[in-house]
Amino acid sequence: MTTTTLPGNPAADSGGIYVIAAHPHWRDSRVNRRMLAAARAVPGVEVNDLYGSYPDFAIDVEAEQARLAKARLVVLVHPIQWYSMPALQKLWVDDVLTYGWAYGPGGTALQGKDFWLVATTGSPEPSYHPQSYHRYFFDAFLPPYEQTAALCGMRFLPPLVFYGARSADEAEVTAHVDTYAQRLGSYPDWPEIEEIDACIACPVPEADRPAESDDMGKVVASTFHSAMSRGIAAMSAANEPKNDDNHREGTA
Ligand SMILES: Cc1cc2nc3c(=O)[nH]c(=O)nc-3n(C[C@H](O)[C@H](O)[C@H](O)COP(=O)(O)O)c2cc1C
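Residues numbered from 1 in each chain as written. Predicted model: local features only at pLDDT ≥ 70, side-chain atom pairs only at ≥ 80, totals over all residues.

(A) Just the overall build of the protein, in detail. Helices and strands together make up the secondary structure of the protein, namely eight helices and seven strands. Put simply, the protein has 252 residues, and 29% of those count as buried. (Helix = DSSP H or I, 4+ residues; strand = E, 2+ residues; numbered from the N terminus. Buried ≥ 20, exposed ≤ 12 C-beta atoms within 10 Å, placed from the backbone.)

(B) Structural context of the packing of helix α4 (residues 61–70) against helix α5 (residues 87–96). Across the interface, α4 lies against α5 with an axial gap of 10 Å and an inter-helix angle of 85°. In terms of axis orientation, α4 runs roughly perpendicular to α5. Within the contact between the two elements, α4 uses Val61, Glu64 and Gln65 and α5 uses Trp92, Asp95 and Val96. (Axes fitted to C-alpha atoms, helices over the stretch in contact; angles between N-to-C directions. Parallel < 35°, antiparallel > 145°, perpendicular 65-115°, else oblique. Contact = placed C-beta atoms within 7 Å.)

(C) Molecular detail of the environment of Trp92. Relative to the helices and strands, Trp92 resides in helix α5. Discounting residues that sit within four places of it in the chain, Trp92 has contacts with Ile20, Leu50, Ile59 and Glu64.

(D) Geometry of the pairing of strand β3 (residues 45–49). Most of β3 is tucked away, with four of its five residues classed as buried. Sheet topology places strand β2 (residues 17–21) next to β3; five bridges connect them, and they run parallel. If you follow Ile20 over to β3, its bridge partner there is Asn48. (Pairing = 2+ DSSP bridges.)

(E) Quick peek at the packing of helix α2 (residues 32–40) against helix α7 (residues 170–186). Between α2 and α7, whose axes approach to 9 Å, the crossing angle comes to 30°. The handedness of the crossing between α2 and α7 is right-handed. On the side of α2, the interface is formed by Arg34, Met35, Ala38 and Ala39, while α7 contributes Val173, Val177, Tyr180, Ala181 and Leu184. Looking at side-chain class alone, the contact of α2 with α7 contains eight nonpolar, no polar and one charged residues. (Left-handed = near helix turned anticlockwise from the far one by under 90°. Nonpolar A, V, L, I, M, F, W, Y, C, P; charged D, E, K, R; others polar.)

(F) Local environment of the nonpolar core. In this structure, Ile17, Val19, Ile20, Met35, Ala39, Val75 and Val118 are the most contacted members of the largest nonpolar core, which totals 48 residues. Contributions of two or more residues to this core are made by β2, α2, β3, α3 (50–53), β4 (73–79), β5 (114–120) and α7. (Core = buried A, V, L, I, M, F, W, Y, C linked by C-beta atoms within 7 Å.)

(G) Structural context of the pairing of β5. With seven of seven residues buried, β5 lies mostly within the body of the structure. Of the two faces of β5, the one lined by Asp114, Trp116, Val118 and Thr120 and the one lined by Phe115, Leu117 and Ala119 are each fully buried. As paired strands, β4 and β5 are joined by seven bridges and run parallel to one another. The residue of β5 that forms the bridge with Val75 is Trp116. Between the parallel elements β4 and β5, the chain passes through α5 in a crossover that is right-handed. Judged from the two bridges that link them, β5 and strand β6 (residues 155–156) form a sheet pairing that is parallel. (Right-handed = clockwise from strand over helix to strand, strands pointing away.)

(H) Focus on the environment of Ala198. Secondary-structure assignment places Ala198 in the loop between α7 and α8 (211–239). Exposure remark for Ala198: the 11 C-beta atoms within 10 Å place this residue in the exposed category.

(I) Up close: unusual backbone geometry. The step from Tyr187 to Pro188 runs through a cis peptide bond, and the omega angle for that step is 5°. Take Pro188: it is sitting in the loop between α7 and α8. Here Trp82, not a glycine, exhibits a phi torsion of approximately 50°, which is positive. Within the fold, Trp82 resides in the loop between β4 and α5. The class of Trp82 is exposed, set by 8 C-beta atoms lying within 10 Å. Phi is positive for Arg135, close to 70°, though the residue is something other than glycine. On the basis of neighbour counts, which here come to 11 C-beta atoms within 10 Å, the residue Arg135 falls in the exposed class.

(J) Molecular detail of the confidence of the model for the protein. Here the protein averages 87 in pLDDT, while 79% of its residues score no lower than 70. Ignoring residues within four places in sequence, the model shows residues 242–252, a span with pLDDT below 50, making 17 contacts including any to other chains. (pLDDT = per-residue confidence, 0-100.)

(K) Focus on the environment of Tyr83. Here Tyr83 shows up in the loop between β4 and α5. Taking the C-alpha atoms as reference points, Tyr83 and Phe138, separated by 55 residues in sequence, lie 8.7 Å from one another.

Put into structure tokens, the structure is as follows:
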């Protein structure tokens, strides 16, 4: 489900903010749920709750690309799951950031935009350490995000990570949500933003991905995806209880 509040912050005049929020179980969320509500209250921000918008995982690629095209800041918001993003967020990346549109020859739609990752972890910050159970500093899990942005010509802004979302106290959660909303409301007037380098160019030579096989790949992928989506939708309809007590909360 997407929502847009009326313009009225600096970003609205400079191209807008598109927040893509993904949480597979909003009703269990303590932090992301409050960030979703906070983003919706910031003027000029378009917010998409992916699991609410696409419960059948059938992403509207055209609509997503149109939203991205008009944004200046693209924000991915989600809990970290297995050192990465939730499944529907990953599918969104796979489906929407297409060759020839987001990257590769002619793929310039996102060039010059800013990309901001806003993530929560269940584990506290000290656990992301070579001597602790996650074995790596959290930064070690960021290159796939950073390089995805770079391949599309987007500048990777410093991520906002909230550690220990399950154990943090109420004051810490509130402070984090306030910081997040304040950042959305003040973009692009962030104190450090001028010092962040523009993205280096990452052109993909046409020879690395011949058009013919790519076109064929696209046809196969899109046929497979539509068939899967239809199958999943049919299965969900068949399994849907009459009185749906277990209905997932799409919006928070
Ligand atoms: C399937 C799954 C995988 C998870 N993987 C990680 C992980 O790799 N690292 C971590 O710190 N927390 C992990 N968590 C915990 C979530 O990140 C944590 O519950 C979430 O950030 C809390 O935010 P919320 O209150 O909005 O739900 C995982 C949770 C689930 C359900």
